[in-house]
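# Coordinate analysis (summary)
Letter by letter, the chains look like this.
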Amino acid sequence: MFNKQKRKPWLVAMCAILMLSILLTACGGSNKEAASEESQSSNSKESTQGGENDPYKEHMDISLAMWDIGKAFEHPEKDELLQYIQKKFNITIKPVQVSWSDYLDKTKVWATSGELPDIFTSDFTDDVSLYNTWAKQGIIRALPDDMSAYPNLKEYLDKSDVKTMTLDGKYYTFPRYTYLDADGWGADRALLVRKDWMEKLGLQLPNSYDEFKTMLKALVDNDPDGNGKKDTNGLEFDNPSYLLYALSSDFPQATNSAWLKQDDKWIPYYQSQKYVDVMKKARDLYTSGLLNKDFALQKSNDARTNFAQGKAGVLSLSVYVGHLQQLETLWNQYNPGQKFTDAVGFLPIWSGDEGERYHFTTTTFWSESSFSANVSDAKMDRILQLYNYLMSDEGKTLLKSGMEGKDYTGSGDNITITREKDANGQYAPLSYPSLGVLTTLAAWYQDLNMMDNEVNQITFGKDNLKLALESKKWIDANTVGIPTNFDIQGLVKMYTVPDLKPNDDLVRVILDKGDVSDVWAKILKEYDAKGLSEAIEQVNQDAEARGIK
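These numbers were taken from a predicted model, which means no experiment stands behind them.

This part covers the overall build of the protein. On a plain count of helices and strands, the protein comes out with 23 helices and 17 strands. In terms of C-alpha radius of gyration, the protein reaches 24 Å, essentially the compact-globule figure of 24 Å for 549 residues. For the C-alpha atoms alone, the extent of the protein along its principal axes is close to 75 × 60 × 40 Å. Considering the protein as a whole, with its 549 residues, one finds that 56% of them fall into the buried category. Summarising the internal contacts of the protein: among those between residues at least 6 apart in sequence, 77% fall at separations of at least 24. Accessible surface, the protein as shown: approximately 23,500 Å² in total, 47% of it carbon and sulfur. Charge-centre separation for the protein: the mean point of 61 positive side chains lies 3 Å from the mean point of 80 negative side chains.

The structure is reproduced here in structure tokens:
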């Protein structure tokens, strides 16, 4: 799918950031209790390690297929943190290399040949039918029915949106969370603007779509970079989902691909007349010369590069601190001596006809860890104990701050970084290659990167963190989450119609010269021919049977 293919490259970059980052503080009262229990359990294990009652007495090799694990585990003998983890659980992790481009194909080949690694990364949210098939065929194994031995995992699995991944009451995968709740995604879609250009042209913050369009026109026509040429674009975006965010005030469900109830019937967002109206505005922006005329030909990250190069006034992206840091890195390549946060700011979204401003929401996860059916109960327990530790306060501090006594001192909110500083006075990054895998094995932990603490200031830069947090504060105070029924979102995955590509077809509509309503009606007929109408009927029948309203 267009959107998913485009978003994975920045997640690759995010892995690099996560190597330098992840967690510091606790996740809430219940987590603290769970962590306390885990800590007590850990202490007990240490006191009996090697003894008759040591639950980790038997050494185990655990094969693990994760993105780019080969390089991360190239020299395990030199990786003190990896050695600590492996000794703690008496395991040896055997890396199985996969990349972002081949992991799906390799996984399917292994499944066919019965050679799945013990743990492999999966993306079943995009292919629920494959998940169902592999679970029913016994290719992947279920998690234990009783997860009370793994309190940190159990707490996450009890969340309602995560339960959409159960089959007959069982989990056949462990979803890897990005944020702990759907509203956590609020900063992951946002408009960035050249505030220095706004000041130069005397522009005010837009309070409506019409004012936004007027602002874009000024950025295109009035030579904001002062080079005497009409060579700047108004709005840049990586893919159509980001363009839809810029128009989210009118129809927010198009931004997160939600289904909605219309005339007492669940329908996908692209069947709504409101979506046709949004596409008309998207076409209008294009024909008015306010979008990059070559947007349909752009590769991933081209829009960010154009913005960093001073070729556009507004970028629909995000104010997540990791994205800001990536953009700042690009910015510094093309704007030496000009501070990123002095020139770029957050552009608040305006309200629509209903008087609301919306922030992005979606399920807390989009990828998972899955496990071969060949994994024994004993090995599964060891794997889950490892995951439970990585999601504990102690584990998160290890991943975020490194080795106690070497990289930091203190605990909780009172950690002091003790790593050496480089020639520029910056703290050196943590030097454990395995962190690139371990910090994404159980969860992405993106929520903890949006916390105001010294570790994040060091990792992402003080000014980037300040911009991210101030923007998020405004978003939280002035917007509401996109109205989304996550129960129905989970259900519709069961009836996915292959080969429907609404984001790609949005591009077709924008570039087409025919009437928008007519062009879209023709595309919907193509969808019906592929089975959309039948799928909608099945979803509604199943929703009624399940009591989803």
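Attention shifts here to the sheet that holds strand β11 (residues 312–317). Read from one edge to the other, the open sheet built from four strands follows the order β8-β11-β7-β12, with strand pairing classed as mixed. The strands lining the two open edges of the sheet, one partner per strand, are β8 (233–237) and β12 (344–347). Put simply, the sheet's adjacent strands are angled 25° from each other on average, direction ignored. Relative to β11, strand β7 (residues 190–194) runs antiparallel, the two being bridged by four bridges.

A few words now on the sheet that holds strand β2 (residues 91–98). Across the sheet, five strands lie side by side as β2-β1-β3-β14-β6; this open sheet has mixed pairing. What marks the edges here is a single partner per strand, and that holds for β2 and β6 (174–177). Averaged over all neighbouring strand pairs, the angle between strand axes comes to 30°, with direction disregarded. As defined by bridge partners, strand β3 (residues 119–122) adjoins strand β14 (residues 365–371) across four bridges and the pair is classed as antiparallel. Looking at the pairing, T121 lines up with S369 of β14. In this fold helix α5 (residues 103–113) packs onto β1 (60–67), β2 and β3, with an angle of close to 115° to the strand it touches most, β2.

Here we come to the pairing of β1. Within β1, seven of the eight residues are buried, leaving the element largely enclosed by the surrounding structure. Strand direction decides the pairing type here: β1 and β2, joined by eight bridges, are parallel. The partner of M60 across the bridge, within β2, is I91. Sheet analysis places β1 next to β3, joined by two bridges and oriented parallel. Counted as the bridge partner of L64 is I119 from β3.

In terms of burial, helix α16 (residues 393–401) is a largely internal element, seven of the nine residues being buried. What α16 keeps buried is the set G395, K396, T397, L398, L399, K400 and S401. Once α16 ends, the next one or two residues include G402, with phi positive near 90°.

Turning our eyes to something else, we now look at the packing of helix α13 (residues 321–334) against helix α19 (residues 462–478). One way to put it is that α13 packs onto α19 with a least axis distance of 9 Å and a crossing angle of 135°. One element, α13, and the other, α19, form an angle in the oblique class. Crossing hand, α13 versus α19: right-handed. Residues V321, L324, Q325 and E328 of α13 lie in contact with α19, whose contacting residues are N464, L465, L467 and A468.

Moving on: the packing of aromatic side chains. In the structure shown here, the tally under the stated rule is 27 aromatic pairs. Ring geometry for W67 versus Y103: centroids 5.4 Å apart, planes at 85°, classification edge-to-face. Note that W67 is positioned in strand β1 and Y103 in helix α5, a separation of 36 residues in sequence. Residue class for W67 comes out buried when judged on its relative accessible area of 6%. Y103 gets classed as buried once you look at its relative accessible area, which sits at 2%. Of the aromatic side chains, those joined through ring pairs into one cluster are Y156, F174, Y177, F371, Y387 and Y445. Here the guanidinium or amino end of R189 rests over the ring plane of F360, the centre of that ring lying 4.2 Å away. Across the ring face of Y427, the terminal group of K421 is positioned such that the distance to the ring centre comes to 5.1 Å.

The rules behind these values
All residue numbers here refer to positions counted from 1 along the written sequence of the relevant chain. In keeping with the predicted nature of the model, local features appear solely for residues at pLDDT of at least 70, side-chain atom pairs appear and are counted solely at 80 or more, and the whole-chain, interface and lining totals rest on all residues. As a rule here, side-chain values come from all non-hydrogen atoms in the structure, and water together with hydrogens is ignored. What counts as a helix is a DSSP run of H or I of at least four residues, what counts as a strand is a run of E of at least two, and both are numbered from the N terminus. Taken over C-alpha atoms, the radius of gyration is set against a globule rule of 2.2 Å times the number of residues to the power 0.38. Exposure is judged per residue with a 1.4 Å probe applied to protein chains only, and the accessible area is read against the type maximum: over 50% gives exposed, under 20% gives buried, and values in between give partly exposed. Here a residue-residue contact requires only that any non-hydrogen atoms of the pair lie within 4.5 Å. Per-residue accessibility takes into account occlusion by the displayed protein chains alone, with areas from the Shrake-Rupley method and a 1.4 Å probe. Here Asp and Glu are counted as negative and Lys and Arg as positive; His is not counted, and neither are the chain ends. A charged residue contributes its charge at one atom only: NZ of Lys, CZ of Arg, CG of Asp or CD of Glu. In this description, strands pair whenever DSSP reports at least two bridges between them. For helices, the fitted line uses only the C-alpha atoms of the stretch in contact; every axis is such a line through C-alpha atoms, and the angle between N-to-C directions lies from 0 to 180 degrees. Roughly parallel here means an angle under 35 degrees, roughly antiparallel means over 145, roughly perpendicular means 65 to 115, and every remaining angle is called oblique. Left-handed describes a crossing whose near helix is turned anticlockwise from the far helix by less than a right angle; the clockwise case is right-handed. Each pair of aromatic rings taken from Phe, Tyr and Trp, with Trp reduced to its six-membered ring, is defined by centres within 6.5 Å and is described as stacked if the planes are under 30 degrees apart, edge-to-face if over 60, and tilted in the remaining cases. Throughout this description, the term charge over a ring refers to an Arg CZ or Lys NZ atom that lies within 6 Å of the ring centre and within 35 degrees of the ring normal.

Worth remembering: the numbers are spatial, not functional.
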